[in-house]
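Descriptive structure summary
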Amino acid sequence: MKIKQHGLISNFIYAWKMSIKGGKGVLVATLFIGIFQAMNALVWVYAPKWIVSFVEKHYSVTKFVWFTVLVCAVLFISNALNRYGYTKLDYEFVKTNAFLERLRMRKMFKTDFKNMENPDFLDFGQKAKNALYQGNGFHGVLYESHNIISNSIIIIFSSVMIGIRNIWVLIAILFMAIIVGYILGWFGKRDKIKFQDVMAPTNRKLNYLERTSKNFDFAKDIRLFNMSGVFKREFAVLNNFFFKKNRQHHNRWIIGALCMESVLLSETLVMYGWLVWSVLKGEMAISDLLLFIGLVNSLHRNIGFMSWIYSAVKTNTLMINDYREFVNWKEDSESFAEGEGVEKNLDFDSYEFKFENVSFKYPGHDNYVLKNINLTIKNDSKLAVVGINGAGKTTLIKLIMKLYNPTEGRILLNGRDLRDFDRDEYFKLFSPVFQNIECFALPIFENVSFEVEEETDMDKVTSALDRSGLLEKIDMYDAGIRVNLLKIFDEKGIDLSGGEKQKLALARALYKDAPIVILDEPTAALDALAEDRMYREFNNMVKNKIAIFISHRLGSTRFCDQIAMFKEGEIVELGTHSELLEKNGEYAEMFNVQSSYYKDEEVISHG
Ligand code: ADP
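The following paragraphs examine the structure supplied in this document.

About the thresholds
- Residues numbered from 1 in each chain as written.
- Predicted model: local features only at pLDDT ≥ 70, side-chain atom pairs only at ≥ 80, totals over all residues.
- Heavy atoms only, no water.
- Helix = DSSP H or I, 4+ residues; strand = E, 2+ residues; numbered from the N terminus.
- Axes fitted to C-alpha atoms, helices over the stretch in contact; angles between N-to-C directions.
- Parallel < 35°, antiparallel > 145°, perpendicular 65-115°, else oblique.
- Contact = heavy atoms within 4.5 Å.
- Nonpolar A, V, L, I, M, F, W, Y, C, P; charged D, E, K, R; others polar.
- Core = buried A, V, L, I, M, F, W, Y, C linked by side-chain atoms within 4.5 Å.
- Buried < 20%, exposed > 50% of the residue type's maximum accessible area, 1.4 Å probe, protein only.
- Pairing = 2+ DSSP bridges.

**Examining unusual backbone geometry**
A negative phi holds for most residues other than glycine; trans holds for most peptide bonds. Phi is positive for Asp380, which is not a glycine, with a value near 65°. One can find Asp380 in the loop between strand S2 (370–377) and strand S3 (382–386).

In structure tokens:
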């Protein structure tokens with residue numbers, strides 16, 4: 001996975017562009033704080049000179065008192081405004097962060113499906129998230145910006161004042177500042193490569209373990225199979241790695257700080273040498289000496305400070321680079337040739353799919369999971385896909401749903417390559433019922449409609465839940481179809497059993513009422529009665545629709561017009577149930593094994 005690296009300035013500008021897109025508040029607060037902070041610091045630099053000047057020039061005490069009052073008032077006002085700026089910055093930054101997180105989530109939700117199965121891409125998503133943590137990435141850069149403004153004002157002002165007095169001293173100071181910046185930049189970059197990048201997969205694993213150990217769905221297995229030992233071991237390995245890398249990270253910065261401090265020390269020597277020399281030669285009054293000590297000190301301090309800011313900004317802009325590349329990641333669907341993925345009009349009266357010599361390998365894998373598939377699925381027809389585990393059945397479904405594109409060959413819908421169709425519009429054609437379904441911590445009606453209440457047809461939700469057999473359970477709760485699933489946000493939230501989840505999946509499909517129904521082992525977790533009910537519901541549901549049905553219960557495939565028997569990624573038999581039985585091949589063998597098992601079961605249950 002190749003991630004493009006932008007320069008520091010480019011990433012810095014990007015951070016600000018994004019911040020302004022999220023709202024102008026952070027910019028206004030930053031300018032505010034930057035200017036008042038600089039003003040405050042410069043008043044303190046000038047104060048000693050002013051005081052001594054009063055003595056040197058024999059001004060009256062009244063003048064001195066008035067002057068002091070004026071200076072205190074200026075300091076008080078600028079301090080108060082500064083504080084106000086900080087409060088505003090905190091508040092405004094929360095808005096910016098929410099805006100950035102929304103973009104990141106949108107990418108996660110919309111990215112090509114294959115990316116979600118790719119650990120490199122998931123690491124990439126984790127790195128992008130790193131740029132949103134407090135103190136990191138955007139927060140780091142945007143929060144340092146007011147310091148950049150105030151420090152720049154102080155550095156420019158002090159340099160000009162010193163430069164007017166002695167240009168060589170100024171050149172020496174700036175030269176050393178550049179060396180300090182270079183040292184810190186070098187350490188920052190090294191740290192990003194040797195610490196943060198290396199830690200990304202470990203952080204992802206730690207997050208996974210953390211999430212899993214808190215996830216109620218896993219709680220039972222973890223206890224029953226006594227998996228806490230496995231978790232502890234995994235945590236220990238990851239933590240050891242983390243501690244080792246963290247130690248190296250700190251040692252690296254200790255060496256960095258030593259190098260930087262030694263350069264800063266030489267800088268101090270040059271500056272004080274110059275001041276002492278000027279006073280000894282009688283070229284500088286005491287009040288000016290105090291002023292220049294102040295200017296030299298603040299220049300020195302701010303250059304040191306600026307170097308740290310530079311290194312922090314450099315590290316943070318590298319994180320921003322990851323975020324930026326992640327949210328702008330060019331999807332395969334975006335790099336389609338001209339005309340691909342653009343057809344949004346999928347309002348057909350009938351649907352016919354055709355697989356032409358389709359072969360497929362998963363990205364990053366060498367073996368073909370589907371080999372040379374040729375298949376036609378006619379309008380309103382029902383196709384059953386059967387075969388042992390790993391034969392390629394689910395992969396076929398993923399291809400037909402355009403979650404992946406074929407590696408070779410093409411799939412046509414009504415004569416047009418699926419690649420031509422807009423992905424989001426294409427997804428609308430499908431009502432899928434999968435065996436593993438996810439519940440979201442949302443009210444049950446949203447789990448069915450995936451829309452907010454205003455856009456949900458609540459009667460249709462009730463009817464879908466009724467037809468799927470889940471309404472009886474939901475009716476037991478006072479909140480009815482508004483009852484929350486899972487206990488993540490609501491302690492009264494409900495959990496569904498495996499079979500109930502499959503009923504929920506059916507309710508989703510019924511609600512969506514799309515023209516193509518996909519049933520991927522949808523009854524695996526159901527009891528016999530519920531399975532019977534669900535089959536009847538399927539029959540109603542798939543009338544006048546295309547249905548593709550994956551099942552291990554071969555008897556249940558009888559109602560299909562075509563059965564495709566898959567073996568090692570190939571269709572080895574194709575025909576109706578009776579044709580395939582007559583053929584007496586792989587399908588018949590599998591069917592006979594299963595029916596003898598059912599007969600045995602009957603004998604046992606009746607015997
Ligand atoms: P079936 O649905 O018939 O059980 P699948 O289509 O799920 O089979 O899997 C077919 C083959 O593809 C299996 O060998 C499986 O290990 C492999 N496979 C499935 N998903 C992936 C993936 N995301 N990456 C790599 N290989 C995969």
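**Describing the packing of helix H1 (residues 8–22) against helix H5 (residues 137–165)**
Close contact between H1 and H5 brings their axes to 10 Å; oriented N to C, the two are set at 100°. Classified by the interaxial angle, the pair formed by H1 and H5 is roughly perpendicular. Residues Phe12, Tyr14, Ala15, Trp16, Met18 and Ser19 of H1 touch H5, and the partners they reach there are Phe138, Val141, Leu142, Ser145 and Ile148. Class assignment of the residues belonging to the contact of H1 with H5 gives a composition of nine nonpolar, two polar and no charged.

**Details of the nonpolar core**
Formed by 46 residues in total, the largest nonpolar core has its most connected members in Ile444, Leu465, Ile481, Leu485 and Leu504. If you tally residues by element for this core, the top one is helix H15 (residues 498–512), at seven residues. Setting aside residues up to four positions removed in sequence, Leu465 forms contacts with Val448, Leu470, Leu471, Ile481 and Ala507. One finds Ile373, Leu399, Leu429 and Phe566 within the second-largest nonpolar core, a separate group that totals 35 residues.

**Here's the deal with the sheet that holds S2**
The strand order across the open sheet formed by four strands is S2-S1-S4-S5, and the pairing between neighbours is antiparallel. Only two strands of the sheet have a single partner each, and these edge strands are S2 and strand S5 (416–417). With five bridges connecting them, strand S1 (residues 353–360) and strand S4 (residues 408–413) associate as antiparallel partners. By the bridge assignment for S4, Phe353 is matched with Leu413. Against the sheet, helix H10 (residues 393–400) touches S1, S2 and S4, its axis set at about 120° to S1.

Geometric values such as these leave the question of function open.
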